[in-house]
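# Coordinate inspection notes
These are the residues of each chain, in order.
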Amino acid sequence: MDTLKPHIAVVILNWNGKKYLQQFLPSVIAHSESEAEIIIADNGSTDDSVSFLKETYPALRVCCLGKNYGFAEGYNRALKEISASYYILLNSDVEVTRGWIQPMLHLLESDDTIAACQPRILSLNQRTMFEYAGAAGGWIDRLGYPFCRGRIFETLETDKGQYDSISEVFWASGAAMMVRADDFQGIGGFDDFFFAHQEEIDWCWRVKNNGKKVYVCPSSIVYHLGGGSLAHDNPRKLFLNYRNNLIMIWKNLSPSEKAGTILLRMVLDGVAGIRFLLTGKLRYCFTIVEAHFSFYRWVLFEEKVKTANKPLKSHSGVYNGSIVWEYFGRGKKIFSDIVKIKK
């Protein structure tokens with residue numbers, strides 16, 4: 001590798017994902033090897049992922065973590081062992097395309113205030129559709145609900161070129177995310193407590209509170225299978241999403257915004273729980289209650305850092321309204337029907 005180039009490390013976190021490594025690693029090697037070092041961080045797999053890698057790809061670096069630390073702590077531990085200018089965090093169920101790294105590298109190299117960016121993320125199985133985990137860049141509403149250009153809740157848009165422009169967003173997807181190593185480590189990486197789900201949104205929010213920016217780079221394209229670890233409606237995933245979202249809000253909102261936002265979220269999350277109850281999904285209702293009590297315990301016993309953050313509306317990629325109301329109340333399912341895109 002040319003030593004004059006910035007050192008890029010593509011880091012794939014694997015947990016019992018041999019079938020994904022078999023299917024997707026060839027595209028990563030074919031379209032990344034000349035640009036970056038490819039590293040597999042194994043989160044204590046109990047299948048034969050590691051032996052498969054050593055036998056099939058002996059030249060690849062494999063970092064064995066010993067046990068399943070989850071997405072957040074798993075990446076934190078792995079990236080501390082990797083010396084690079086840029087990390088690309090890539091899910092094991094992602095197919096990359098020719099030239100996918102260069103547009104993101106060019107964007108980050110052009111402006112040192114950009115801490116991270118993501119590619120256009122399309123569905124592997126419906127290749128003209130945006131994919132749930134990131135689509136064309138992440139946004140957030142004033143109550144802390146994340147959504148995407150190209151995906152709001154369960155509604156996915158067809159990619160018709162409507163989000164082709166490079167754009168500043170609120171968060172980049174952990175499924176495929178290029179970050180400046182100094183910025184990642186500079187604010188302490190992901191929050192280990194999150195384990196998995198929304199840790200990348202929390203990290204992006206902290207980055208933005210520290211004066212940096214996050215972008216989407218649509219000329220870089222990847223295809224994501226999705227649901228590789230937990231399905232969207234898995235109770236464990238539901239718990240982590242609700243709990244982690246509340247923690248993220250509490251950590252990152254300015255002091256004047258916290259109480260009112262949490263009270264509104266308690267009401268809306270309660271409505272979601274009642275909806276699950278009325279549709280016979282009792283387990284999901286109890287999961288939301290469990291997530292809230294876990295959040296309260298975190299506030300009482302786990303919270304370590306209290307900071308004076310910037311008002312949420314001061315950041316780019318924020319919808320200063322309720323995405324829940326727009327989607328469920330007004331029936332608006334498409335990003336561009338809710339957020340007016342600047343041409």
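Fair warning: this is a prediction, and the values are worked out from it, not measured in the lab.

## Re the overall build of the protein
- A count of helices and strands for the protein gives 11 helices and 14 strands.
- For the protein, the C-alpha radius of gyration of 19 Å lies close to 20 Å, the compact-globule estimate for 343 residues.
- For the C-alpha atoms alone, the extent of the protein along its principal axes is close to 55 × 45 × 40 Å.
- Among the 343 residues that make up the protein, the fraction classed as buried is 56%.
- Across the protein, every contact between residues at least 6 apart in sequence was considered, and the portion connecting residues at least 24 apart equals 76%.
- Looking at the protein as shown, the accessible area adds up to about 15300 Å², and 54% of this sits on carbon and sulfur atoms.

## As for the packing of helix H7 (residues 235-252) against helix H9 (residues 282-302)
- One can describe the packing of H7 onto H9 by two numbers: an axis separation of 8 Å at closest approach and a directional angle of 35 degrees. The way H7 lies across H9 gives a crossing that is right-handed. Counted together, Pro-235, Leu-238, Phe-239, Tyr-242, Arg-243, Leu-246, Ile-247, Trp-250 and Lys-251 of H7 and Arg-283, Tyr-284, Thr-287, Ile-288, Glu-290, Ala-291, His-292, Ser-294, Phe-295, Trp-298 and Val-299 of H9 form the full contact between these two elements.
- Residues that form the contact of H7 with H9 fall into these classes: 13 nonpolar, 3 polar and 4 charged.

## Here we look at the side chain of Ser-322
- Mapped onto the fold, Ser-322 is located in the loop between strand E14 (318-319) and helix H10 (323-329).
- Overall, Ser-322 belongs to the buried group, its relative accessible area being 17%.
- A polar contact of 3.1 Å, which involves the side chain of Ser-322, links it to the backbone nitrogen of Trp-325.
- Those residues in contact with Ser-322, other than ones at most four positions away along the chain, are Asp-141 and Leu-143.

## A closer look at the packing of aromatic side chains
- Evaluated as defined, the whole model comprises 20 aromatic pairs.
- Ring geometry for Phe-153 versus Phe-328: centroids 5.3 Å apart, planes at 50 degrees, classification tilted. With Phe-153 in the loop between strand E9 (151-152) and strand E10 (155-156) and Phe-328 in helix H10, this residue pair connects regions lying 175 residues apart in the sequence.
- What makes Phe-328 partly exposed here is its relative accessible area of 48%.
- In this structure an aromatic cluster arises from ring pairing among Phe-71, Tyr-75, Tyr-87, Phe-184, Phe-190 and Trp-203.
- Between Lys-258 and the ring centre of Trp-250, over which it is positioned, the NZ or CZ distance is 5.0 Å.
- If you follow Arg-265 out to its NZ or CZ, it ends over the ring of Tyr-145, 4.0 Å from the centre.

## Looking at unusual backbone geometry
- Phi is positive for Asn-16, which is not a glycine, with a value near 50 degrees.
- Examined against the element boundaries, Asn-16 turns out to sit in the loop between strand E1 (8-14) and helix H1 (18-32).
- Positive phi values are uncommon outside glycine, yet His-197 reaches one of about 85 degrees.
- Assessed through its relative accessible area of 19%, His-197 is described here as buried.

## As for the pairing of strand E12 (residues 176-180)
- Of all 5 residues that make up E12, 5 are buried, and the element is covered over most of its length.
- Of the pairings in the sheet, the one linking strand E4 (residues 86-90) to E12 comprises 5 bridges and is antiparallel in character. Paired with Tyr-86 across the strands is Arg-180, a residue of E12.
- Pairing analysis gives 2 bridges linking strand E6 (residues 114-123) to E12, with the strands arranged antiparallel. Following the sheet pairing, Ala-116 is matched in E12 by Val-179.

## Quick look at the nonpolar core
- Tyr-87 and Trp-203 are the most contacted members of the largest nonpolar core, which totals 81 residues.
- In terms of residues, this core owes the most to one element, H7, which gives 8 residues.
- The residues contacting Trp-203, other than those within four sequence positions of it, are Ala-115, Ala-116, Met-177, Val-179, Asp-183, Phe-184, Ile-187, Gly-189 and Phe-190.
- In terms of nonpolar packing, the next biggest core, distinct from the first, is built from 33 residues, Val-10, Val-28, Trp-100 and Cys-117 among them.

## Notes on the state of the cysteines
- Following the criterion strictly, the structure yields 0 disulfides and no others.
- Looking at the unpaired Cys-117, the closest cysteine sulfur is the one in Cys-217, lying at 5.6 Å.

## Some thoughts on the pattern of salt bridges
- All chains considered together, the criterion is met by 15 salt bridges.
- As a salt-bridge pair, Asp-48 and Lys-18 come within 3.1 Å of each other at their nearest N and O atoms. Here Asp-48 is found in the loop between strand E2 (37-42) and helix H2 (49-56), whereas its partner Lys-18 is found in helix H1, with 30 residues between them in sequence.
- According to the relative accessible area criterion, Lys-18 is partly exposed, its value standing at 22%.
- The partner of Asp-191 in a salt bridge is Lys-251, with the nearest N and O atoms 2.9 Å apart. Of this pair, Asp-191 sits in the loop between helix H5 (181-186) and helix H6 (199-209) while Lys-251 sits in helix H7; the two residues are 60 residues apart in sequence, bridging distant segments of the chain. Take Asp-191 and Lys-251: they sit in the same class, and that class is buried.

Rules used throughout
Residues numbered from 1 in each chain as written. Predicted model: local features only at pLDDT ≥ 70, side-chain atom pairs only at ≥ 80, totals over all residues. Heavy atoms only, no water. Helix = DSSP H or I, 4+ residues; strand = E, 2+ residues; numbered from the N terminus. Rg over C-alpha atoms; globule rule 2.2 N^0.38 Å. Buried < 20%, exposed > 50% of the residue type's maximum accessible area, 1.4 Å probe, protein only. Contact = heavy atoms within 4.5 Å. Areas by Shrake-Rupley, 256 points an atom, 1.4 Å probe, with all protein chains shown as cover. Axes fitted to C-alpha atoms, helices over the stretch in contact; angles between N-to-C directions. Left-handed = near helix turned anticlockwise from the far one by under 90°. Nonpolar A, V, L, I, M, F, W, Y, C, P; charged D, E, K, R; others polar. Polar contact = N/O pair within 3.5 Å; in protein donor to acceptor, adjacent residues only side chain to side chain. Phe/Tyr/Trp six-rings, centres within 6.5 Å; stacked < 30°, edge-to-face > 60°. Lys NZ or Arg CZ within 6 Å of the ring centre and 35° of its normal. Pairing = 2+ DSSP bridges. Core = buried A, V, L, I, M, F, W, Y, C linked by side-chain atoms within 4.5 Å. Disulfide = S-S within 2.5 Å. Salt bridge = Lys/Arg side-chain N within 4 Å of Asp/Glu carboxyl O.

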